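Letter by letter, the chains look like this.
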Amino acid sequence: MKKKALTFLLAAIVSVTILGCSEKTNSNTSKKENDEIVITVASRYAGDVPMENYFRKKVEEFNNMDNGIRVEMDNIATETDYADKLRTSFANGDVPNVFLEFGGSRTRDYLEADALVDLKPYLEANNNEWYNTFYENMWDQSKYEGYDGIYSVPYGNYLIAMYYNKDLFAQANCEPPKSIEDLMTVCEKLKSKGILPFQVGEKDNFRFGHFHNNLVIKTLGIDAVDQLASRELTYDSEELIETYRIIEEMVDKGYFGEDILDTDLAMENAAFLNEKAAMHFDGTWFIANELAGNDLYDNIGIIPFPYGNIDCANYAQGGVSDLFYVSKLNKSDEEIEASIEFLKYITSPDYFAGLYRETQILTPVKFDIPSDVVANPLLDDAKEILSNTTAVRTDIQNYDSAPQMLDIVRSALQGLAMGDSAEQCAQNIMSRVDELD
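Residues numbered from 1 in each chain as written. Predicted model: local features only at pLDDT ≥ 70, side-chain atom pairs only at ≥ 80, totals over all residues. Heavy atoms only, no water.

Asks: What is the right way to read the packing of helix α7 (residues 180–192) against helix α10 (residues 238–252) from this model?
Replies: Geometry of a packed helix pair, given as the angle between the helix axes and the separation of the axes. Contact geometry of α7 with α10 gives a least axis separation of 12 Å together with a crossing angle of 5°. Viewed along their axes, α7 and α10 adopt a mutual orientation that is roughly parallel. Where α7 approaches α10, its residues Ile-180, Leu-183, Met-184 and Cys-187 are matched on the opposing element by Ile-246, Glu-249 and Met-250. Grouping the amino acids of the contact of α7 with α10 by side-chain chemistry returns six nonpolar, no polar and one charged. (Axes fitted to C-alpha atoms, helices over the stretch in contact; angles between N-to-C directions. Helix = DSSP H or I, 4+ residues; strand = E, 2+ residues; numbered from the N terminus. Parallel < 35°, antiparallel > 145°, perpendicular 65-115°, else oblique. Contact = heavy atoms within 4.5 Å. Nonpolar A, V, L, I, M, F, W, Y, C, P; charged D, E, K, R; others polar.)

The following block contains the structure:
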């Protein structure tokens, strides 16, 4: 527990310097205004895209329901800024009532600090009424070894796939790549025609993180994720170094674009949508948030992320993308009950039917598709890819017992964009892993 407390303290020192401290909440009273229970909901839904606009709109509708609850949103788009502020809030005790995170080891510290509400009794009440609205395979990141509870509810469902521009591929006489070897050939053909294969926004360091997740899963297999978590497979093994080498080579050959450390995801998206780059790897949310209604829609194809080993071709990065947690740190019973009521609202079949009407995304909740929804061929293709996918994992560091591993690996991968070799990347990871032991 001392080690966990130290983790929170160090996060607070870094984060408070950047973001400052918030006022602390009185642990003995509920936040009330005009006889309403006021709860704070923190998320990353600050962007001007359909899925995030829908969330904010529905929160406002919830606030107008005259149910005695008012939600105050705290939306921060940038992942690192959001994570820093959330860690700071736990360190100083001023935690949102409801917050978004991505599960696994990223939230284990909060659980071990006894700061999370066990949602299992609420989910299983009334003969599992709420629990049964979700697909059964959505709970992996909500449960923890050694704990019997369920500590979050899924909100997003996704698959990382490869998008490509059909016209640019035709100009270079390219076929969609099936393997990493194919991908390298396609990249070289595109470059020979003066076409940028990718423009990666590694200023947001999860971009290499997601690329690497797929290299591992689709080259070494699903078991490699668990082996990395247990340290049976190490980040400086030859198998892992070979995955870094692929990224290193693609950086060196310019396949990932120019100024990638000064390019963020929004700029990366714009490059693809403006036909400055021929390919883009992203979650299935990209269809709804960026491609739906875009003039480019009919010229875009979607394929599985290329495999490194054909035996792993039907594995993928995917599963639950966003989860909502309820904090009990300095919270009254009334606030917790209000938080549960809000979660039931944003995970109801009616909510997701409306979301599907506006965005057409993969969801964790079962619902009847509205009859007036227009066909979405790209989403149908994504569903076909998913139907052929036999196993998925989210960010592979989420399965590690050390919550720092995600940041450690992503930072080291970012070093590849700065000129680090694959061997140096491995060394950078292992030096930090040794500090954890």
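Asks: Explain the side chain of Ser-179 to me, please; I cannot follow it from the model alone.
Replies: Note on placement: Ser-179 falls in the loop between α6 (166–171) and α7. Reaching out from Ser-179, the side chain makes a polar contact with the backbone nitrogen of Asp-182 at a distance of 3.0 Å. Each residue touching Ser-179, except ones within four places of it in the same chain, is listed here: Pro-306 and Tyr-307. (Polar contact = N/O pair within 3.5 Å; in protein donor to acceptor, adjacent residues only side chain to side chain.)

Asks: Honestly, the environment of Gly-221 in this entry has me stumped. Any pointers?
Replies: If you trace the backbone, Gly-221 turns up in the loop between α8 (206–217) and α9 (223–230). We classify Gly-221 as buried; its relative accessible area is 4%. Beyond its immediate stretch of four places on either side in the chain, Gly-221 contacts Val-216, Cys-312 and Tyr-315. (Buried < 20%, exposed > 50% of the residue type's maximum accessible area, 1.4 Å probe, protein only.)

Asks: Sorry if this is basic, but what is going on with the packing of aromatic side chains here?
Replies: For any pair of aromatic rings, the description rests on two quantities: the centre-to-centre distance and the angle between the ring planes. Per the stated rule, a full pass over the model turns up 33 aromatic pairs. Taking 4.9 Å as the distance between ring centres and 45° as the angle between the ring planes, the aromatic pair formed by Tyr-164 and Phe-169 counts as tilted. The residues Tyr-164 and Phe-169 share a single accessibility class, namely buried. Taken together, the ring pairs connect Tyr-45, Tyr-54, Phe-55, Phe-62, Tyr-155, Phe-324, Phe-342, Tyr-345, Tyr-351 and Phe-352 into an aromatic cluster. For Arg-207, the ring lying beneath its charged end belongs to Phe-281, and the centroid distance is 4.2 Å. (Phe/Tyr/Trp six-rings, centres within 6.5 Å; stacked < 30°, edge-to-face > 60°. Lys NZ or Arg CZ within 6 Å of the ring centre and 35° of its normal.)

Asks: How should I be thinking about helix α13 (residues 333–346) in this particular structure?
Replies: For an α-helix, 3.6 residues make a turn, and residues three or four places apart therefore share a direction. Given a rise of 1.5 Å per residue, 14 residues ought to cover 20 Å, and the 20 Å separating the end C-alpha atoms of α13 matches this to within 8%. Within the span of α13, buried status applies to Glu-335, Ile-336, Ala-338, Ser-339, Ile-340, Phe-342, Leu-343, Tyr-345 and Ile-346. (Expected span 1.5 Å × (residues − 1).)

Asks: In this structure, what is going on with the pattern of salt bridges? I would like to understand it.
Replies: Oppositely charged side chains may form a pair once their charged atoms are brought near each other. For the structure on display, the rule yields 23 salt bridges. For Lys-57, the salt bridge identified is with Glu-358, shortest N-O distance 2.5 Å. With Lys-57 in helix α2 (residues 50–63) and Glu-358 in helix α14 (residues 349–359), the pair connects residues that are 301 residues apart, well separated along the chain. In this structure Lys-57 comes out as partly exposed when scored by relative accessible area, which is 35%. One salt bridge in this structure joins Lys-328 and Asp-114, with 2.9 Å as the shortest N-O distance. Here Lys-328, found in the loop between β10 (323–326) and α13, pairs with Asp-114, found in the loop between α4 (108–112) and α5 (120–128); they are 214 residues apart in sequence, far enough to count as distant. The class of Lys-328 is partly exposed, set by a relative accessible area of 33%. Taken together, the shared-partner salt bridges in this structure form one network comprising Arg-44, Glu-79, Glu-101, Arg-106, Asp-395 and Arg-410. (Salt bridge = Lys/Arg side-chain N within 4 Å of Asp/Glu carboxyl O.)

Such coordinate-based values are descriptive only and should not be taken to indicate function.
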